[in-house]
Amino acid sequence: MILVLRALGVGDLATGVPALRALRAAYPGAELALVAPRWLTPLVELVGGVDRQVVAEGLGHLGWSGPPPAVAVNLHGRGPQSHRMLAGVRPRRLLAFANAEAGWHDGPPWRAEEHEVDRWCRMLGWYGIPADRSDLALRRPGPGGLPTGVTIVHPGAKAAQRRWPPERFAAVARELAGRGHRVVVTGSPGERDLAAGVARRAGLPAEAVLAGATDVGELAALVAHARLVLGGDTGIGHLATAYAIPSVLLFGPVPPARWGPPPDRPWHEALWAGPRPAGDGPAVHPALAEVDVPAVLAAVDRVTAAARSRPVAGRRIPAQAPDRPLATRR
């Protein structure tokens, strides 16, 4: 068995997809188990090639009752806690970044400023496992009962410094609705009031507010059949990349060089004003605050034009073990 730790969020899982695909190719006959939170299960099913999900809601003791894995892979972080979590299941081999505090001196050094996709591809490459950093596509689920062809405005983010002002999101949403876009506003259950406020300012109907109404799998389906995605430096931008949906993403304080979409895909654009000194308290970061509504609307025009002229290409996504759904266990 190959046991892989990636117990984080949507963007973290999406940026780890090339590394997961590389591991699937390197160990084609082995069972591949991914350690991740239960709420991510619908998204794990869209990765392909993962046979089993081991549920863990964060770092700590991993309740593992099976035999020691042949290989454990730390795609979570630099350690030491994540290293120790995997060492606790006694794998025959551990693939991870070097970390003296964890007593682990094998593996490449950690580079703090590296793009998150490249980080894990480089780590596996150090162990002789090649990875394709462009292999970011996810399975495209059917829309079910969700609307298709919508423009998604996603104003929330975990950290207040990464949230573009809601009145600016509303101004963009109002303009796009005037151009004929069917705009919906998404977010977590805790962001429903924020989403409702953006919709109200934009003059959108109440049914345009989908915040708190979709789980992560439904959000992926919504993005997969969308017209455009507008949001901050958060997970929905990575879903837009995975499904090649035109996107405009607003960055700050972290630069897009670390978490942004691939720079060679002009139908995705990351906006930020460059390095700026940190502001006070939880206020929006100056690098994000300097991005104005006209700049975002201009970026929308560019990504939609690029999407119309791009070549049509597909990528094979590996299947799960045949004839059975993804297994989950603690």
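Residues numbered from 1 in each chain as written. Predicted model: local features only at pLDDT ≥ 70, side-chain atom pairs only at ≥ 80, totals over all residues. Heavy atoms only, no water.

Burial analysis of strand β8 (residues 228-232) places 5 of its 5 residues in the buried class, which makes it a mostly covered element. Burial of the side chains of β8 extends over both faces: L228, L230 and G232 are buried on one face and V229 and G231 on the other. Strand direction decides the pairing type here: strand β6 (residues 151-154) and β8, joined by 4 bridges, are parallel. Its bridge partner being in β8, T151 is matched across the sheet by L228. The pairing of β8 with strand β9 (residues 247-250) spans 4 bridges and is parallel. In the sheet register, G231 faces β9, and the bridge partner there is L249. Crossover connection from β8 via helix α9 (residues 235-242) to parallel β9: handedness right-handed. (Buried < 20%, exposed > 50% of the residue type's maximum accessible area, 1.4 Å probe, protein only. Helix = DSSP H or I, 4+ residues; strand = E, 2+ residues; numbered from the N terminus. Pairing = 2+ DSSP bridges. Right-handed = clockwise from strand over helix to strand, strands pointing away.)

This next bit is on helix α8 (residues 216-224). Along α8, 8 of the 9 residues are buried, which leaves the element largely enclosed by surrounding structure. Looking only at α8, the buried set comprises V216, G217, L219, A220, A221, L222, V223 and A224. Buried residues along α8 sit in contact with α1 (10-15), α3 (41-47), β6, β7 (183-185), β8 and α9. The N-cap residue of α8 is D215: its side-chain oxygen and the backbone nitrogen of G217 are 3.0 Å apart. (Contact = heavy atoms within 4.5 Å. Polar contact = N/O pair within 3.5 Å; in protein donor to acceptor, adjacent residues only side chain to side chain.)

Looking at soluble globular proteins, one finds that nonpolar side chains tend to be buried together. Grouped together as the largest cluster of nonpolar side chains are 48 residues, with contacts concentrated most on L43 and V73. Looking at this core element by element, the count peaks at 6 residues for α8. With residues near it in sequence (within four places) discarded, L43 still touches V10, L13, L138, V216, A220 and L239. L204, L230, L297 and A299 belong to the second largest nonpolar core, which has 30 residues in total. (Core = buried A, V, L, I, M, F, W, Y, C linked by side-chain atoms within 4.5 Å.)

To continue, consider the packing of aromatic side chains. Enumeration over the complete set of coordinates arrives at 5 aromatic pairs. Ring centres of W126 and Y127 lie 5.1 Å apart, and the angle between their planes is 75 degrees; this geometry places the pair in the edge-to-face category. The class of Y127 is buried, set by a relative accessible area of 12%. When the ring of W164 is compared with that of F169, the centres are 5.1 Å apart and the planes differ by 90 degrees; the resulting orientation is edge-to-face. (Phe/Tyr/Trp six-rings, centres within 6.5 Å; stacked < 30°, edge-to-face > 60°.)

Below, the discussion takes up the side chain of N99. For N99, the location among the structural elements is in the loop between β5 (94-95) and α5 (116-126). Looking at N99, its side chain comes within polar contact range of the main-chain nitrogen of E101, at 3.1 Å. Contacts of N99, omitting those with residues within four sequence positions, involve R78, G79, P80, H83 and W104.

The next subject is the pattern of salt bridges. For side chains bearing opposite charge, pairing can occur when the charged atoms are close. As enumerated under the stated definition, the model contains 12 salt bridges in all. Across the pair D118 and R133 runs a salt bridge whose closest N-O atoms are separated by 2.9 Å. Placement of D118 in helix α5 and of R133 in the loop between α5 and β6 is noted, with a sequence separation of 15 residues between them. For D118, a relative accessible area of 27% translates into the label partly exposed. Residue classification places R133 among the partly exposed residues on the basis of a relative accessible area of 26%. The structure contains a network of salt bridges with shared partners spanning R6, E116 and R119. (Salt bridge = Lys/Arg side-chain N within 4 Å of Asp/Glu carboxyl O.)

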